[in-house]
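# Descriptive structure summary
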Amino acid sequence: NPAINYSFKAWNNGTADVALDAKIKYTQTTNYNATYESDISDTAKEGFVEVKFAAGTDGEFKQVNGVDQKTTIYVKKDKLVDLTDVAPTVTGKDKKTFTGWDSDLKRTFTDATTTINAKYTESISDKYVPGWTEITFMAGEHGKFDTDGTTPVVVKKIWVDPKAQVALNEKAPKVTAYTNWLFDK
């Protein structure tokens, strides 16, 4: 069986693809090598279906090395393919982080056209996210952020996606200075 993303094409005798259905006499050692063709193409082909990748409004496909990325490809219909290595790279916009696709990239495609949409999450989280950078806000000795019942809250943590550029002004806690003290940024 050929590896995923490839289909058997023909037998080759070293100079050309050959059909083995003709009866011939073999008087010397003969080698035939299997040849394969890709089940993924940049152009439309007979027996292939179209797969489109969509970034949506929360992201974009930026150029890679000055070249536009391929966002439409063609795959052999009804054949298991893995598009992980050919899927475009998505960059989240405005506090959004790309988290994956809304469809498996390793699957069989049967429809004439399939659109696979990018998914996103906020680039800043109040909860721990593996691989993200922890940011700690500390109120210092002369202030607090809030109260938790009767206990002043003096530390707040958030996590940010290290690949995203984020402004923290909306996530920074509001500081309340203790009596006789003034908070100055």
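Definitions and limits used
Residues numbered from 1 in each chain as written. Predicted model: local features only at pLDDT ≥ 70, side-chain atom pairs only at ≥ 80, totals over all residues. Heavy atoms only, no water. 1 Å grid on protein atoms, 1.4 Å probe; cavity = no way out; pocket = protein on both sides within 12 Å on 5 of 7 lines; lining within 4 Å. Points joined across faces, edges and corners; volume = space filled by probe spheres on them. Helix = DSSP H or I, 4+ residues; strand = E, 2+ residues; numbered from the N terminus. Nonpolar A, V, L, I, M, F, W, Y, C, P; charged D, E, K, R; others polar. Pairing = 2+ DSSP bridges. Polar contact = N/O pair within 3.5 Å; in protein donor to acceptor, adjacent residues only side chain to side chain. Salt bridge = Lys/Arg side-chain N within 4 Å of Asp/Glu carboxyl O. Buried < 20%, exposed > 50% of the residue type's maximum accessible area, 1.4 Å probe, protein only. Phe/Tyr/Trp six-rings, centres within 6.5 Å; stacked < 30°, edge-to-face > 60°.

The subject of this paragraph is the layout of surface pockets. Looking at the largest pocket, its volume works out to about 220 Å³. Looking at the largest pocket, it is lined by 14 residues, and the ones nearest its centre are Thr91, Gly92, Lys96, Lys163 and Ala164. Looking at the lining of the largest pocket element by element, the count peaks at three residues for strand E10 (residues 96-101). When grouped by side-chain class, the residues that make up the lining of the largest pocket number three nonpolar, five polar and six charged.

On to the sheet that holds strand E2 (residues 17-18), then. Within a sheet, neighbouring strands are paired by backbone hydrogen bonds and run either parallel or antiparallel to one another. Taken in spatial order, the three strands of this open sheet run E2-E1-E3, and their pairing is antiparallel. If you trace the sheet from one side to the other, it starts and ends with E2 and strand E3 (33-38), each paired once. Taken together, the six bridges between strand E1 (residues 6-12) and E3 define a ladder with antiparallel strand orientation. Residue pairing across strands places Tyr6 opposite Ser38, the latter belonging to E3.

This paragraph deals with the side chain of Asp39. Summarising the element assignment, Asp39 is placed in the loop between E3 and strand E4 (40-41). Polar contacts involving the side chain of Asp39 include one to the main-chain amide nitrogen of Tyr6, which spans 3.1 Å.

A full pass over the atoms with the stated rule returns seven salt bridges. Across the pair Lys76 and Glu37 runs a salt bridge, and its minimum N-O distance is 3.6 Å. Separated by 39 residues along the polypeptide, Lys76 in strand E7 (residues 72-76) and Glu37 in strand E3 bring together distant segments of the chain. A salt bridge links Asp39 to Lys79, with the shortest nitrogen-to-oxygen separation between them at 2.9 Å. On the criterion of sequence distance, the pair formed by Asp39 in the loop between E3 and E4 and Lys79 in the loop between E7 and strand E8 (80-82) is long-range, its members being 40 residues apart. Classification of Asp39 as buried rests on a relative accessible area of 0%.

What follows deals with the packing of aromatic side chains. Summed over all chains, the structure comprises seven aromatic pairs. Geometrically, the ring pair formed by Phe8 and Tyr36 is edge-to-face, given 6.3 Å between the ring centres and 80° between the ring planes. Taken together, the residues Phe8 in strand E1 and Tyr36 in strand E3 connect sequence positions 28 residues apart. The class for Phe8 is partly exposed, based on a relative accessible area of 39%. Under the relative-accessibility criterion, Tyr36 is labelled partly exposed at 43%. For the ring pair Phe98 and Tyr120, a centre distance of 6.2 Å and an interplane angle of 70° mean the geometry is edge-to-face. Linking Phe98 in strand E10 with Tyr120 in strand E12 (residues 113-122), this pair joins segments that are 22 residues apart in sequence. Its relative accessible area of 27% is what places Phe98 among the partly exposed residues. What links up through ring pairs into an aromatic cluster is the set Phe53, Phe98, Trp101 and Tyr120.

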